[in-house]
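Fold and contact review
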Amino acid sequence: MKYVGEAPQEELATGERSTRNRVARSILDHGPSTAADLAKRVGLTQAAVRRHLDTLMSDDVVEAREQRVYGARTRGRPAKVFALTDCGRDAFDQSYDKLAADALRWIAESAGDEALVAFARARMAAQSEKYRAVIESADPEARTEALAKALSADGYAATARSAPGSQRGEQLCQHHCPVAHVAEQFPQLCEAETEFFSSLLGTHVQRLATLAHGDGVCTTFVPRSSPTAPQVSQTTHSASASTAGRNPA
């Protein structure tokens, strides 16, 4: 006999999985998050969120990390944040990573690194018309945000925010990358993407962190200045990982 308020065990299990998926998706969309932030976004208590996080961690979907501090450290222990593991990202990533990596390796071995770089740049150039139209239709001060929205439409879960501290500029953050595992083996993909951003925004940009390098988010610094002629950008990790947040072509 079923009493009011009761639900079959199967329904309860399905509801639990659905809620855990929402928690994991929130981390994917917003990057490494505290339990308090997750509770606000998914409409649960912190205690309920922590219970789902415990299950996600036991399933190797989520891992706990110490929160990176931007700028000067404050007193007290940094809050714990929760980030997706590679296994957790795979649940959202439908790219044929092995096939793509094999193809790129064949290009490099058959035609050399220059051919691989040419492919990476051609891949970004194929998207230039659509992205450039979005950027040019936006006001100069809103172009980084416009680029973030265009990237999100293509599955990169991107955001734009003011750079921390005394830096005069913005940070373009990509919380997801469909080809991150391939880019880990072929950083030319990330380098071509950074050059692409520089060309679109008409200014030198600097890559601070990437998912492919093991960071929790791909972060690109865009200086706040008058548009200039596009310059070839540089990829840096070691000097700036502490600024961008190492915990997302």
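My aim in this report is to walk through the structure given alongside it, one point at a time.

Scoring rules and cut-offs
Along each chain, residues carry numbers from 1 onward, in the same order as the chain's sequence is written. Side-chain atom pairs in this predicted model are given and counted only at pLDDT of 80 or more, local residue features only at pLDDT of at least 70, and totals for whole chains, interfaces and linings cover all residues. Derived side-chain values reflect all non-hydrogen atoms in the structure, with water molecules and hydrogen atoms excluded from consideration. In this text, helices come from DSSP runs of H or I with a minimum length of four residues, and strands from runs of E with a minimum of two, each type numbered from the N-terminal end. Type-normalised accessible area, obtained with a 1.4 Å probe on protein chains alone, sets the label of each residue: buried when under 20%, exposed when over 50%, and partly exposed for intermediate values. The Shrake-Rupley method, run with a 1.4 Å probe, gives the accessible areas here. Residue values count only the displayed protein chains as cover. Any pair of residues with heavy atoms lying within 4.5 Å of one another is described as a contacting pair. In protein, a polar contact requires one atom able to donate a hydrogen and another able to accept it; more generally it is a pair of N or O atoms within 3.5 Å, and residues adjacent in sequence count only if both atoms are side-chain atoms. DSSP calls a pair of strands paired once it identifies at least 2 bridges connecting them. A fitted line through C-alpha atoms represents every axis, and for helices the fit uses only the stretch in contact; the resulting angles, taken between N-to-C directions, go from 0 to 180 degrees. Roughly parallel means an angle under 35 degrees; roughly antiparallel, over 145; roughly perpendicular, 65 to 115; everything else is oblique. Crossing handedness follows the turn of the near helix against the far one: under a right angle anticlockwise gives a left-handed crossing, and clockwise gives a right-handed one. Put simply, Ala, Val, Leu, Ile, Met, Phe, Trp, Tyr, Cys and Pro go in the nonpolar bin, Asp, Glu, Lys and Arg in the charged bin, and everything else, Gly too, in the polar bin.

Topic: the overall build of the protein
- Of regular secondary structure, the protein possesses 11 helices and seven strands.
- Looking at the 249 residues of the protein, the share that counts as buried comes to 42%.
- For the protein, the computed accessible surface area is about 13,700 Å², with 51% contributed by carbon and sulfur atoms.

Considerations on the environment of E170
- Tracing the backbone through its elements, the reader meets E170 in strand β4 (residues 169-174).
- A relative accessible area of 19% means that E170 is categorised as buried.
- Between the alpha carbons of E170 and P223 there is a distance of 6.3 Å; along the sequence they are 53 residues apart.
- In this view, E170 contacts E141, T144, R161, S162, A163, T220, F221, V222 and R224; residues no more than four positions away in its chain are not counted.
- Polar side-chain contacts of E170 include one of 3.0 Å to the side chain of T144.

Side note on the pairing of strand β2 (residues 80-84)
- The buried fraction of β2 is high, at four of five residues.
- Relative to β2, strand β1 (residues 62-66) runs antiparallel, the two sharing five bridges. Counted as the bridge partner of R65 is V81 from β2.

Describing the packing of helix α7 (residues 128-136) against helix α10 (residues 188-201)
- Close contact between α7 and α10 brings their axes to 10 Å; oriented N to C, the two are set at 40°. With respect to their mutual orientation, α7 and α10 come out oblique. Along this stretch, α7 crosses α10, giving a crossing that reads as right-handed. Contacts between α7 and α10 pair S128, Y131, R132 and I135 from the former with F196, S199, L200 and L201 from the latter.
- The residue makeup of the contact of α7 with α10, split by class, is five nonpolar, two polar and one charged.

Quick look at helix α8 (residues 143-153)
- Within α8 the residues assigned to the buried category are T144, A146, L147, A148, A150 and L151.
- Summarising the contacts, the buried residues of α8 are in contact with α7, β3 (158-162), β4, α10 and β6 (218-223).
- Backbone geometry just downstream of α8 places G155 in the positive-phi region, at approximately 95°.

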